[in-house]
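Observations on the model geometry
Here is what each chain is made of, one letter per residue.
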Amino acid sequence: MNYIHWNPPTDIINLGFYAIRWYGVLWAIGLIGATYIVARLFKENKIDDSKFASLFIYVFFGVLLGARLGHCLFYEPTYFLGSFKHFVEMFLPIHFLSDGGWRYTGYAGLASHGGVIGLLIALYLYCRQMKMKYLFVLDCIGFAAPFTAMAIRLGNLMNSEIIGKTTDVPWAFVFTRVDALPRHPAQLYEAIFYAIVFCLGVLLYKKHKKKTTIGSGFFFGYCLSLVFTFRFFIEFIKEVQVDFEQHLTLDMGQILSLPLVAIGFYFMWKAKRKLANKHK
């Protein structure tokens, strides 16, 4: 009885034919907050406003499409590639009903690893179009991304999804919508960690000269290495998301995290060497 019983409404407003969900709002807060942060970085580094205007569009669609396709293809390929209707559900926020109708569901399945891949592709296209330095843009996004990751995990918490394994720690959550068992609030652990990563990034940015950090690849590597290292280890206390993971030594989230961690540390190492050579 001392555990936290968690069963908040998933909708902020529900008009029957349309609902505004906490998950979608928190996703929006994460993206809008990141947009503001990146806008500040562009301004401080004297990048023309005209080059920033279209960045949000590239990022929004890159992350959304990548995260959606990542979930469908990494976690549920059999379902989404099993029929034409299910294939359509990958791209449209609807679910086809057995009676021939459909209902609006929103994009209920999104994968962060797919979002990263989609983001990298979108930023490459953006940089080609705007004649921007790729590393500079990656650093700006890497600086802001932990804030977005924090907001998304809070959305998962409101949805009572991506739950942790059973535990008897005093701060355990009972996700009433799922079952009556006390569990690790894994979404909250991630949200708190990503908030810490963001705050530490701000401190690092203020401590060092802007010109020697933004554009070196450091913040991009910093974000990838810390976020996905934590993601790798937090998976050990999460419930598996799909059945095929039951028999895997490492789940899909951990398998996909390993190359991103390696890429992150590589960019941090490369940035450190570049800065060391510059100051010789």
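These figures come from a predicted structure and were not determined experimentally. (Residues numbered from 1 in each chain as written. Predicted model: local features only at pLDDT ≥ 70, side-chain atom pairs only at ≥ 80, totals over all residues. Heavy atoms only, no water.)

Details of the layout of surface pockets
Its boundaries defined by the atoms lining it, the second largest pocket holds a volume of some 480 Å³. Lining of the second largest pocket is provided by 22 residues; of these, Tyr23, Gly24, Trp27, Tyr104 and Tyr107 occupy positions nearest its centre. Elements with a minimum of two residues in the lining of the second largest pocket: strand E3 (19-21), helix H1 (22-44) and helix H3 (55-74). The element that contributes the greatest number of residues to the lining of the second largest pocket is H1, accounting for seven residues. (1 Å grid on protein atoms, 1.4 Å probe; cavity = no way out; pocket = protein on both sides within 12 Å on 5 of 7 lines; lining within 4 Å. Points joined across faces, edges and corners; volume = space filled by probe spheres on them. Helix = DSSP H or I, 4+ residues; strand = E, 2+ residues; numbered from the N terminus.)

What to know about the side chain of Arg153
Tracing the sequence through the fold places Arg153 in helix H7 (residues 134-158). Arg153 sits in the buried class, given a relative accessible area of 8%. At 2.6 Å, the side chain of Arg153 forms a polar contact with the side chain of Asn156. Residues within four places of Arg153 in sequence aside, it is in contact with Ser112, Ile162, Gln187, Glu190, Ala191, Tyr194, Arg231 and Lys238. (Buried < 20%, exposed > 50% of the residue type's maximum accessible area, 1.4 Å probe, protein only. Polar contact = N/O pair within 3.5 Å; in protein donor to acceptor, adjacent residues only side chain to side chain. Contact = heavy atoms within 4.5 Å.)

A few points about the packing of helix H8 (residues 186-207) against helix H10 (residues 218-234)
Relative to each other, H8 and H10 sit at 160 degrees, their axes nearing to 11 Å. The orientation of H8 relative to H10 falls into the category roughly antiparallel. Considering only the axes of H8 and H10, their crossing is right-handed. Each of Ala186, Tyr189, Glu190, Phe193, Tyr194, Val197, Leu200, Gly201, Leu204 and Tyr205 in H8 lies in contact with H10, whose residues at this interface are Phe218, Phe219, Tyr222, Leu226, Val227, Phe230, Arg231 and Ile234. (Axes fitted to C-alpha atoms, helices over the stretch in contact; angles between N-to-C directions. Parallel < 35°, antiparallel > 145°, perpendicular 65-115°, else oblique. Left-handed = near helix turned anticlockwise from the far one by under 90°.)

Digging into the packing of aromatic side chains
Scanning the model with the defined rule gives 26 aromatic pairs in all. Taken together, a centroid distance of 6.1 Å and an interplanar angle of 85 degrees make the contact between Tyr124 and Tyr134 edge-to-face. One end of the pair, Tyr124, is in helix H6 (residues 112-130); the other, Tyr134, is in helix H7, with ten residues separating them in the sequence. Given a relative accessible area of 42%, Tyr124 falls into the partly exposed group. In this structure Tyr134 comes out as partly exposed when scored by relative accessible area, which is 29%. (Phe/Tyr/Trp six-rings, centres within 6.5 Å; stacked < 30°, edge-to-face > 60°.)

Overview of the UniProt feature "transmembrane region" (unreviewed entry) in the chain
Within this numbering scheme, the UniProt entry marks residues 20-39, 51-70, 107-127, 134-152, 186-205, 217-234 and 254-271 as carrying the feature "transmembrane region" (unreviewed entry). Across residues 134-152, helical content stands at 100% and strand content at 0%; the span's end C-alpha atoms are separated by 25 Å. (UniProt positions renumbered as here; feature names shortened; annotations may be inferred.)

Topic: the nonpolar core
By size, the foremost hydrophobic cluster in this structure holds 50 residues, and its most contacted members are Val38, Phe42, Leu55, Leu123, Tyr126, Met132 and Val137. Counting only elements with at least two residues in this core, the list comes to H1, H3, H6, H7, H8, H10 and helix H11 (252-278). Per-element accounting of this core gives the leading share, ten residues, to H7. Residue assignment places this core across two domains, with domain 1 (43-132) and domain 2 (134-279) each supplying three or more. Those residues within four positions of Phe42 in sequence are excluded, and the remaining contacts are Ile47, Lys51, Phe52, Leu55, Tyr126, Met132, Phe136 and Cys140. (Core = buried A, V, L, I, M, F, W, Y, C linked by side-chain atoms within 4.5 Å. Domains from an automatic or database assignment.)

Describing the sheet that holds strand E6 (residues 173-175)
With respect to topology, three strands assemble into an open sheet ordered E1-E6-E7, the strand pairing being mixed. This sheet does not close on itself; its edge strands, each paired only once, are strand E1 (4-6) and strand E7 (182-183). Relative to E7, E6 runs antiparallel, the two sharing two bridges. The partner of Phe173 across the bridge, within E7, is Arg183. (Pairing = 2+ DSSP bridges.)

Looking at empty space enclosed by the protein
Following the criterion strictly, the structure yields one cavity of 30 Å³ or more and no others. Reported here for the largest cavity is a volume of approximately 30 Å³. Residue classes in the lining of the largest cavity are distributed as six nonpolar, two polar and no charged. (Nonpolar A, V, L, I, M, F, W, Y, C, P; charged D, E, K, R; others polar.)

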